[in-house]
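Coordinate inspection notes
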Amino acid sequence: MYKILIVRLSSLGDIVHNMPVVADIRRYHPDAIIDWLVEEDFVELVSLVQGVRRVIPCSLRRWRKRPLSVTTWRGVWKFRRTLAAERYNIVIDCHGLIKSAWVASWAYGDLFGLGNRTDGSSYEWPACWFYHICVPIQSRIHVVERSRQLVARSLGDPLPGSESRDINFGIDRRRAVLELARIGLNLSMVYVIFVHATSREDKKWPQSCWIELGRVLIFRGYSIVLPWGSDVERITSERLAQQFGSAALVPPHLSLTAITGLIDGASATIGVDTGLVHISAALRRPTIELYNFATAWRTGGYWSPNIINLGTEGAPPSLADVKCALSSFGLL
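My aim in this report is to walk through the structure given alongside it, one point at a time. (Residues numbered from 1 in each chain as written. Predicted model: local features only at pLDDT ≥ 70, side-chain atom pairs only at ≥ 80, totals over all residues. Heavy atoms only, no water.)

Overview of the overall build of the protein
The number of helices and strands found in the protein is 14 helices and twelve strands. Radius of gyration (C-alpha) of the protein: 20 Å, near the 20 Å computed for a compact globule of 332 residues. Taken over the C-alpha atoms alone, the protein extends approximately 60 × 45 × 35 Å along its principal axes. Out of the 332 residues in the protein, the part that is buried amounts to 56%. For the protein, the share of sequence-separated contacts (at least 6 apart) that also reach a separation of at least 24 residues comes to 59%. (Helix = DSSP H or I, 4+ residues; strand = E, 2+ residues; numbered from the N terminus. Rg over C-alpha atoms; globule rule 2.2 N^0.38 Å. Buried < 20%, exposed > 50% of the residue type's maximum accessible area, 1.4 Å probe, protein only. Contact = heavy atoms within 4.5 Å.)

Some thoughts on the packing of aromatic side chains
The geometry of an aromatic ring pair comes down to the distance between the two centres and the angle between the two planes. The final tally for this structure, using the stated rule, is nine aromatic pairs. Their ring planes at 75° and their centres at 4.7 Å tell us that Trp102 and Trp106 sit as a pair that is edge-to-face. Aromatic pair Trp205 and Trp210: ring centres 4.9 Å apart, planes at 85°, arrangement edge-to-face. Here the aromatic cluster, defined as three or more aromatic residues joined through ring pairs, consists of Trp63, Phe79, Trp102 and Trp106. Note that Arg80 overlies the ring of Trp106, its terminal NZ or CZ placed 4.3 Å from the centroid. The cationic tip of Arg87 hangs over the ring face of Tyr108; the distance from NZ or CZ to the ring centre is 4.1 Å. (Phe/Tyr/Trp six-rings, centres within 6.5 Å; stacked < 30°, edge-to-face > 60°. Lys NZ or Arg CZ within 6 Å of the ring centre and 35° of its normal.)

The structure is reproduced here in structure tokens:
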């Protein structure tokens with residue numbers, strides 16, 4: 001019986017793209033015990049992945065803010081004892097950074113990690129110093145397949161196929177929907193989610209396009225839901241909602257479980273290259289991903305006809321492009 005520790009600390013979208021490795025492992029090792037080491041902010045999301053026995057929170061982001069604090073060192077000591085309590089056959093660092101390799105090296109077990117950089121993905125070559133075995137990966141590869149191939153090679157399993165039927169994100173949709181109902185946000189109207197927020201300004205879609213698109217959808221009988229994750233994002237959501245009147249909803253701040261349920265119930269999710277949009281794609285819900293760069297080949301969903309990627313470098317998605325995509329879903 002394998003005991004396996006998966007290490008993928010952050011960020012939201014990357015964690016979503018790493019989820020299929022759990023189903024891959026269980027396909028060939030149905031009795032495997034699988035734990036996942038992740039930043040504390042994302043524990044709730046990883047807990048939705050079926051087949052993960054235990055989610056181990058790591059607080060690197062918080063520790064780095066106060067590296068000399070007694071509280072920090074107590075937290076580090078407690079965390080190391082938690083890792084030391086298990087004996088893993090294999091530890092696989094799917095993150096590929098020095099910080100993830102360093103933390104992964106605290107666990108007991110043969111440590112596998114990425115042996116090289118892949119195009120457009122984060123990687124720090126000194127991470128290899130921590131690994132017992134470095135796994136070479138082809139240089140141009142989708143982020144989902146990068147993790148899947150790393151895990152397969154680490155376990156000696158057949159390389160996964162990229163066909164739709166082979167990719168299973170394993171998200172427990174029932175738990176997500178029940179959490180949404182528990183907080184009283186079981187929406188009775190038909191709605192489309194707008195994901196306008198991203199950490200980078202150059203990834204955003206013009207507000208004028210969001211406003212025009214929202215008005216078109218409202219005319220067709222849809223409500224617009226505008227989730228947010230920070231005060232800045234909330235202000236933008238509220239500003240957009242003012243343009244739509246009573247047909248718009250700015251929900252309260254939602255847990256990752258609840259927002260997964262919210263996305264699962266939407267008629268469609270439209271948004272920029274960010275984590276919530278990737279959750280929608282992982283759920284195989286109607287999803288329109290908006291790209292201002294030539295990166296859709298690396299992070300865009302390809303495992304369902306319900307996912308449409310629009311835009312590239314020098315040719316950002318137009319309002320007409322998005323309307324056409326919505327028409328293909330039967331929404332316009």
